[in-house]
Amino acid sequence: MLLGVNIDHVATLRNARGGVEPDPVAAAALAEANGANSITAHLREDRRHIRDDDIYALVKNIKTSLNLEMAMDEKIRDIALKIKPRAICLVPERRQEVTTEGGLEIGGRWDGKTDECEAQDSDRGQFEKVRDFIRPLIDAGIEVSLFIDPDLTQVRAAANTGAQFIELHTGSYAEAFGTAAEESEFTKLKMAAQLAQSQGLKVNAGHALNYENVCRMHDIPGLVELNIGHSIISRAVFTGLGAAVKEMAELVCL
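Keep in mind it's a predicted model, so treat the numbers as computed, not measured. (Residues numbered from 1 in each chain as written. Predicted model: local features only at pLDDT ≥ 70, side-chain atom pairs only at ≥ 80, totals over all residues. Heavy atoms only, no water.)

Trainee: Which residues make up the overall build of the chain, and what are the values?
Mentor: Scanning the chain for helices and strands turns up 10 helices and eight strands. On C-alpha atoms alone, the chain measures out to a radius of gyration of 18 Å, which is about the 18 Å that the 2.2 N^0.38 rule sets for 254 residues. Seen through its C-alpha atoms, the chain measures out along the principal axes to roughly 55 × 40 × 30 Å. Scored against the burial criterion, the 254 residues of the chain give a buried share of 50%. Partitioning the intrachain contacts of the chain with sequence separation of at least 6 by distance along the chain shows that 66% fall at a separation of at least 24. Accessible surface, the chain: about 11,600 Å² in total, of which carbon and sulfur atoms supply 49%. In the chain, which carries 28 positive and 39 negative side-chain charges, the distance between the mean positions of the two groups comes to 4 Å. (Helix = DSSP H or I, 4+ residues; strand = E, 2+ residues; numbered from the N terminus. Rg over C-alpha atoms; globule rule 2.2 N^0.38 Å. Buried < 20%, exposed > 50% of the residue type's maximum accessible area, 1.4 Å probe, protein only. Contact = heavy atoms within 4.5 Å. Areas by Shrake-Rupley, 256 points an atom, 1.4 Å probe, with all protein chains shown as cover. Lys, Arg positive; Asp, Glu negative; His and termini not counted. Charge placed at Lys NZ, Arg CZ, Asp CG, Glu CD.)

Trainee: Give me the lowdown on the packing of helix α2 (residues 24-33) against helix α3 (residues 52-61), citing residues and values where you can.
Mentor: Where α2 meets α3, the closest approach of the two axes is 9 Å, and the angle between their N-to-C directions is 35°. Between α2 and α3 lies a crossing whose hand is right-handed. Contact with α2, carried on its side by Pro24, Val25 and Ala28, involves Asp54, Ala57, Leu58 and Asn61 of α3 and no other residues of that element. Here the contact of α2 with α3 is built from residues that sort into five nonpolar, one polar and one charged. (Axes fitted to C-alpha atoms, helices over the stretch in contact; angles between N-to-C directions. Left-handed = near helix turned anticlockwise from the far one by under 90°. Nonpolar A, V, L, I, M, F, W, Y, C, P; charged D, E, K, R; others polar.)

Trainee: Quick one: what's the story with the layout of surface pockets, residue by residue and with numbers?
Mentor: The space that makes up the second largest pocket amounts to roughly 200 Å³. Around the second largest pocket, the lining comprises 14 residues; the ones closest to its centre are His9, Val10, Leu13, Ile233 and Val237. For the lining of the second largest pocket, the elements supplying multiple residues, two or more each, are α1 (8-17), α2 and α9 (230-239). Along the lines of polarity and charge, the residues of the lining of the second largest pocket split into 10 nonpolar, four polar and no charged. (1 Å grid on protein atoms, 1.4 Å probe; cavity = no way out; pocket = protein on both sides within 12 Å on 5 of 7 lines; lining within 4 Å. Points joined across faces, edges and corners; volume = space filled by probe spheres on them.)

Trainee: Lay out the sheet that holds strand β8 (residues 223-228) in plain terms, naming residues and giving numbers.
Mentor: Read once around its circumference, the closed barrel built from eight strands follows the order β1-β2-β3-β4-β5-β6-β7-β8, with strand pairing classed as parallel. Across this sheet, the average inter-strand angle for adjacent strands is 25°, counted without regard to direction. Summarising the sheet, strand β7 (residues 202-206) and β8 pair through three bridges and their orientation is parallel. In the strand pairing of β8, glycine 206 is matched with asparagine 227. Taken strand by strand, α3 contacts β2 (38-42) and β3 (66-70), and its axis lies near 160° from that of β3. Where helix α4 (residues 74-83) meets the sheet, its contacts fall on β3 and β4 (87-90), and the angle it forms with β3 comes to roughly 165°. (Pairing = 2+ DSSP bridges.)

Trainee: I'd like to hear about the side chain of glutamate 167, residue by residue, with values.
Mentor: Secondary-structure assignment places glutamate 167 in strand β6 (residues 165-169). Although glutamate 167 is buried, it forms no salt bridge, and the closest oppositely charged side chain is arginine 86 at an N-O distance of 8.7 Å. (Salt bridge = Lys/Arg side-chain N within 4 Å of Asp/Glu carboxyl O.)

Trainee: Please set out α9 residue by residue, giving values where relevant.
Mentor: Turning to α9, its buried residues are Ser231, Ile232, Ile233 and Ala236. Buried-residue contacts for α9 involve β1 (2-6), α1, β8 and α10 (241-252). Looking one or two residues beyond α9, the residue adopting positive phi is glycine 240, at roughly 90°.

Trainee: An account of the environment of alanine 174 is requested, with residue identities and associated values reported.
Mentor: Looking at where alanine 174 falls in the secondary structure, it is placed in helix α7 (residues 171-176). Residue classification places alanine 174 among the buried residues on the basis of a relative accessible area of 16%. Remark: the alpha-carbon pair of alanine 174 and phenylalanine 127, spanning 47 residues in sequence, is separated by 28 Å. Filtering out sequence-adjacent residues up to four positions away, alanine 174 remains in contact with His207, Ala208 and Asn213.

Below is the structure:
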């Protein structure tokens, strides 16, 4: 697997006081130097951490590639089409949330009888909205990933949008880690990944993965990349960012 390091919380710390420190671009360079295969940054509609100038600076300076997380916002899509990152990951956003709380609702419905998933009735509008929103990005040569819960209905719907990737939301697994519910939540991830791959999708994963729970991701065949941020930045407070990234890279990139 590859490791994508999310630098959002470096920007969160900078913005808490204002000014220019710590610099997310410098953090990205340090992450790359210590094993990151890509850099993830979420340009939120409210710009609470990463800002437009950060994105432009990252594209100019990083040596690996940028995975731009974004909601279905046309102005942010215009930025993506201008800078052409390697990949975008489409995520849901709620203004009042502290962090992304769940996967994107694509709106598909599966009848359980075939491999086809069609958006129907009230869900058709959402399905078509996702499909139409990502089309210009795909046409521009940008890899598109949809951040979804490990729900088989959502996987089948994602496969019909034209996206090349999904990113499985690992939050429920992380919350259940070490409890009686862990195996159930892990099985959902594994089944969703298997179904996605059978539908021609490539699979990434992320959210709330840390130095303890990340190892089980190796038990899901074919995962391409894990995107991890908060745990690495938290560890960096005590060890330094370079050491924190290197330790995670050793766990992920076996």
